[in-house]
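Survey of secondary and tertiary structure
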Amino acid sequence: MSNHVTHISREDLDDLREAFNKIDIDNSGYVSDFELQELFREASFSLPGYRVREIIEIFIAGDTNKDEKISFEEFVAIYQELKSKEFSETFRKTITRRDGIRSFGGMSENSSEGTQHSYSDEEKVAFVNWINKALARDPDCQHLLPMSPDDDSLFTSVRDGILLCKMINQSQPETIDERVINKKKLTTFKMTENLVLALNSASAIGCTVVSIDAHGLMAGKPHLVLGMLWQIIKVGLFADIEISKNEGLINLLIDGEHLDQLLALSPEEMLLRWVNYHLQNAGTASISNFSEDIKDSRAYFHLLDQITLHAEKEHSMSVKIDMSGLYEHDLDHRAELMLQQAARLDCRQFVSPRDITSGNSKLNLAFVANLFNMHPTLQSVHMNGIEGAHIEGETREEKTFRNWMNSLGVSPYVNHLYSDLCDGLVILQLFEKINVYVNWKKVNNPPYPALGANMKKLENCNYAVELGREVAHFSLVGIGGENLNEGSPMHTLALVWQLMRRYIVRVLSDLGDGEKVGDHVILNWVNTTLSQKHKEMQISSFKDDLICTGLPVIYLIDAIAPSTVRWDMVRTSETGQLRNADKLSNAKYAISLARKIGARVYALPDDVVEVNPKMVLTLFASLMGHGLKKVKQ
């Protein structure tokens, strides 16, 4: 053991050993060099990324066996050389396991020292089985699948980033351009690129990733892996639970209710309404949750029976549910009998009998969502007197704004852009994200009083407009709190766009020592960067028709991240005229490349092809922020 160890107290040495064992998840006695920063965090000795990279370079240079692995003794030696008086506090952890819940100490990027993170074996098993089925035929995942639900292979399976990228595309098809995923000769650098691509793509579909980074995922931290996967899976499960995609949901209107009220329901509320619709048709009691009310499996038996009866009328399926399980006294056995019937509909996913009888609300919600997606079984809309009705879904712009908000972790989750913003609370949280001080003592929080509830919400909206005008100096001509409170699309979008723009260019102001960044600054940087890197391409504005080819974005990415672009994937034309299919191909490639190199991009390929100036601006601003950060490093 290194002589350095004698200068560290036995107590500190024990703490270092605990930190090392936490990162050494396979008990090999070594950690990889890329895990060093996380190891320092575990030892309450946080260092900036550039400093850790310097240490790694020095270590590798003196690493005689060139295995890029660090033993405990080597870690202690490095720690001792760096240790100073201001880093004297130790980090204590406990590892416990009880009732299927595992708890372990550690820190995520935003958590405090000593935080206890927990995860359940039930969720791990559910996700393993779902992923095994979803990706069973994917040739790029054969080195990972099938995973065993009985070990911790799920946590190590995400290490190379491929599985996460594939699951994102399962939930939201074509979010990631498959050409951009690194699939061969996977070095640590290439795996990290995949994980960065996955995280930025997950953000673009509305997953909250503010406390998750590539290092935590590569290290297989259970709470990070399960948290990430649950968000991705949920996005996919909920994608079609809206009236614009299944107009049969109009049947779920109740007496005296307006369509707008139904449209404002969250996917969870819509699923509950759907279950109760079938239970009412079955002449049995309704439920109010997916925890206590489903423990006896009665609701599920009747739901399955109603699904098959409807399918029989539609001649789409000839399965008859065996209801005899309702008379089984043992609830665990009854749940198993119910799941055997669900399996006949190919819907035995996410839950075990124990998950039902214990009332695991998350997994039961997933079970019901999958059941709805497979067998929605709702009558045609004319049955409710709204024959011929067609509900428009959210626009691409609305969806982009909503995903951006959710990726920042606003609460509550935004399902519907206008109705979910009408109390002003989410907008006020967004002001905080752009460093505008919000006096929360002036804000009305739910639950609102039975009388005057809307007045309380209006006061919040008035305060939001006040902050926008007087503090953020937004252009809010003709916009008042009542417009936000009423859910006016035009006025709400005007404010939300300015919030999003400020958020994306904020990093440019930080890098530019507070200089206000206008569109011309970003445009000049794009053209200057292209010119300096000898790229024979310039754009005149963010409306330039040249942008629709995707080529300016691809050339810019090549300028700030050389060797990233695979030019055989890029569509060009000697005449300068590209087919629409080629433009879209380039745009998809460009967006995924931008996310892969680390730019947080919310714009979509169609925004590039159609040259949507707002979204094009955010794309170039994100690339500028990434480029300037690289220069400063």
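Computed from a predicted model, the values in this text were never measured in an experiment.

1. Quick look at the overall build of the chain
Broken down by element type, the chain carries 26 helices and five strands. Expressed as a percentage of contacts within the chain between residues at least 6 apart in sequence, the contacts between residues at least 24 apart total 60%. When the accessible surface of the chain is summed, it comes to about 29,400 Å², and 49% of that surface belongs to carbon and sulfur atoms.

2. A few points about the packing of aromatic side chains
Following the criterion strictly, the structure yields 10 aromatic pairs and no others. Ring centres 5.6 Å apart and planes at 75 degrees place the aromatic pair Phe20 and Phe72 in the edge-to-face group. In this pair, Phe20 sits in helix α1 (residues 10-23) while Phe72 sits in helix α4 (residues 72-82), placing the two residues 52 residues apart along the sequence. Among the residues examined, Phe20 registers a relative accessible area of 0% and is labelled buried. A relative accessible area of 4% places Phe72 in the buried class. Among the aromatic side chains, those forming a connected cluster through ring pairs are Phe20, Phe72 and Phe75. For Arg17, the ring lying beneath its charged end belongs to Phe72, and the centroid distance is 3.8 Å.

3. As for the side chain of Asn485
The topology assignment puts Asn485 in helix α20 (residues 481-485). Note on Asn485: relative accessible area 11%, which makes it buried. What Asn485 contacts, discounting residues up to four positions off in sequence, is Cys422, Asn454, Lys457, Leu458 and Cys461.

4. Let's talk about unusual backbone geometry
Between Leu145 and Pro146 the backbone carries a cis peptide bond, its omega angle lying at -5 degrees. Note on placement: Pro146 falls in the loop between α5 (121-134) and α6 (153-157). For the bond running from Pro446 to Pro447, omega is 0 degrees, close enough to zero to count as cis. Positive phi values are uncommon outside glycine, yet Thr377 reaches one of about 40 degrees. Residue placement: Thr377 occurs in the loop between α16 (361-374) and α17 (396-407).

5. Comments concerning the environment of Ala285
Structurally, Ala285 can be placed in the loop between α12 (267-281) and α13 (298-313). Given the relative accessible area of 60%, Ala285 is considered exposed. The spacing of Ala285 and His302 is 17 residues in sequence and 10.0 Å in space, taken between C-alpha atoms.

6. With respect to the environment of Asp140
Mapped onto the elements of the fold, Asp140 is located in the loop between α5 and α6. Look at Asp140 and you get partly exposed, because its relative accessible area is 22%. For the pair Asp140 and Lys183, spaced 43 residues apart in the sequence, the C-alpha separation amounts to 7.2 Å. In contact with Asp140, other than residues within four places in its own chain, are Ile162, Lys166, Glu178 and Lys183. Of the polar contacts made by the side chain of Asp140, one reaches the side chain of Lys183; its length is 2.9 Å.

7. Regarding helix α23 (residues 551-560)
With nine of 10 residues buried, α23 is to be regarded as a mostly interior element. Where α23 is concerned, the buried positions are Leu551, Pro552, Val553, Ile554, Leu556, Ile557, Asp558, Ala559 and Ile560.

8. Side note on α16
Residue pairs spaced three or four apart in an α-helix point in one direction, given the helix's 3.6 residues per turn. For α16, which comprises 14 residues, the first-to-last C-alpha distance of 20 Å matches the rise-based estimate of 20 Å (1.5 Å per residue) to within 8%. α16 sits mainly inside the fold: 10 of its 14 residues count as buried. Among all positions in α16, only Leu363, Asn364, Leu365, Ala366, Phe367, Val368, Ala369, Asn370, Leu371 and Phe372 are buried. Residues of α16 that are buried make contact with α5, α10 (222-238), α12, α13, α14 (331-343) and α15 (353-357). Its side-chain oxygen at 3.3 Å from the backbone nitrogen of Lys362, Asn360 defines the N-terminal cap of α16.

9. Considerations on the packing of helix α22 (residues 519-532) against α23
Contact geometry for α22 and α23: axes closest at 9 Å, N-to-C directions at 65 degrees. For the pair α22 and α23, the sense of crossing is left-handed. Judged by residue contacts, Trp525, Val526, Thr529 and Leu530 of α22 engage Pro552, Tyr555, Leu556, Ala559 and Ile560 from α23.

10. Things to note about the pattern of salt bridges
Counted according to the given criterion, the structure contains 27 salt bridges. Taking the shortest distance from any N to any O, the salt bridge between Lys362 and Glu123 comes out at 3.4 Å. Of this pair, Lys362 sits in helix α16 while Glu123 sits in helix α5, and the two are 239 residues apart along the sequence. On the accessibility criterion, Glu123 (14% relative accessible area) is buried.

11. Re the environment of Asn462
Along the polypeptide, Asn462 turns up in helix α19 (residues 453-470). Take Asn462: its relative accessible area is 36%, and that puts it in the partly exposed class. Separated by 19 residues in the primary sequence, Asn462 and Gly481 place their C-alpha atoms 4.1 Å from one another. If sequence neighbours within four positions are ignored, Asn462 has contacts with Gly481 and Glu482.

12. Focus: the packing of α23 against helix α24 (residues 580-596)
Each packed pair of helices is defined by two parameters, the angle between the axes and the distance between the axes. Two elements in contact, α23 and α24, have axes whose closest approach is 9 Å; the angle formed by their N-to-C orientations is 30 degrees. One element, α23, and the other, α24, form an angle in the roughly parallel class. Considering how the two elements wind past one another, α23 and α24 form a crossing that is left-handed. Taken together, the residues of α24 that come into contact with α23 (itself represented by Leu551, Val553, Ile554 and Ile557) are Asn586, Tyr589, Ala590, Leu593 and Ala594. The residue inventory of the contact of α23 with α24, partitioned by class, reads eight nonpolar, one polar and no charged.

13. Notes on the confidence of the model for the chain
This prediction gives the chain a mean pLDDT of 87; 85% of its residues lie at or above 70. Throughout residues 1-6 the model reports pLDDT below 50, and contacts reaching past four residues in sequence, or to other chains, amount to eight contacts.

About the cut-offs
For every chain, the first residue of its written sequence is number 1, and the numbers climb from 1 along that sequence. Local features in a predicted model are, by the rule used here, given only for residues with pLDDT of at least 70; side-chain atom pairs are given and counted only at 80 or more, and totals for whole chains, interfaces and linings are based on all residues. Heavy atoms from the whole structure form the basis of all side-chain values; hydrogens and water molecules are not counted. The secondary structure listing takes helices from DSSP runs of H or I that are at least 4 residues long and strands from runs of E that are at least 2 residues long, numbered from the N terminus. The criterion used for residue contact is that any of the two residues' heavy atoms lie within 4.5 Å. All accessibility values rest on the Shrake-Rupley procedure with a 1.4 Å probe; residue burial counts only the protein chains present in the view. Pairs were defined over the aromatic rings of Phe, Tyr and Trp, the Trp ring being its six-membered one, requiring ring centres within 6.5 Å. Orientation was assigned from the angle between planes: stacked under 30 degrees, edge-to-face over 60, tilted for the rest. Any residue under 20% of the maximum accessible area for its type is buried, any over 50% is exposed, and the rest in between are partly exposed; the area is computed with a 1.4 Å probe on protein chains only. Lysine and arginine charges are scored as sitting over a ring when NZ or CZ, respectively, is within 6 Å of the ring centre and within 35 degrees of the ring normal. Here a polar contact means two N or O atoms within 3.5 Å. Within protein one must be a hydrogen donor candidate and the other an acceptor candidate, and residues neighboring in sequence count only if both atoms are side-chain atoms. Helix span, as expected, comes to 1.5 Å for every residue beyond the first. Axes here mean lines fitted to C-alpha atoms, for a helix over just the part in contact, with angles spanning 0 to 180 degrees between N-to-C directions. By convention the crossing between two helices is left-handed if the near helix lies anticlockwise of the far one by an angle smaller than a right angle, and right-handed if it lies clockwise. Any Lys or Arg side-chain nitrogen found within 4 Å of a carboxyl oxygen on Asp or Glu counts as a salt bridge. Every angle not falling under 35 degrees, over 145, or within 65 to 115 is termed oblique; those three ranges are roughly parallel, roughly antiparallel and roughly perpendicular. Three classes are used: nonpolar for Ala, Val, Leu, Ile, Met, Phe, Trp, Tyr, Cys and Pro, charged for Asp, Glu, Lys and Arg, and polar for all others, with Gly counted as polar. Confidence of the prediction at every residue is given by pLDDT, a number between 0 and 100.

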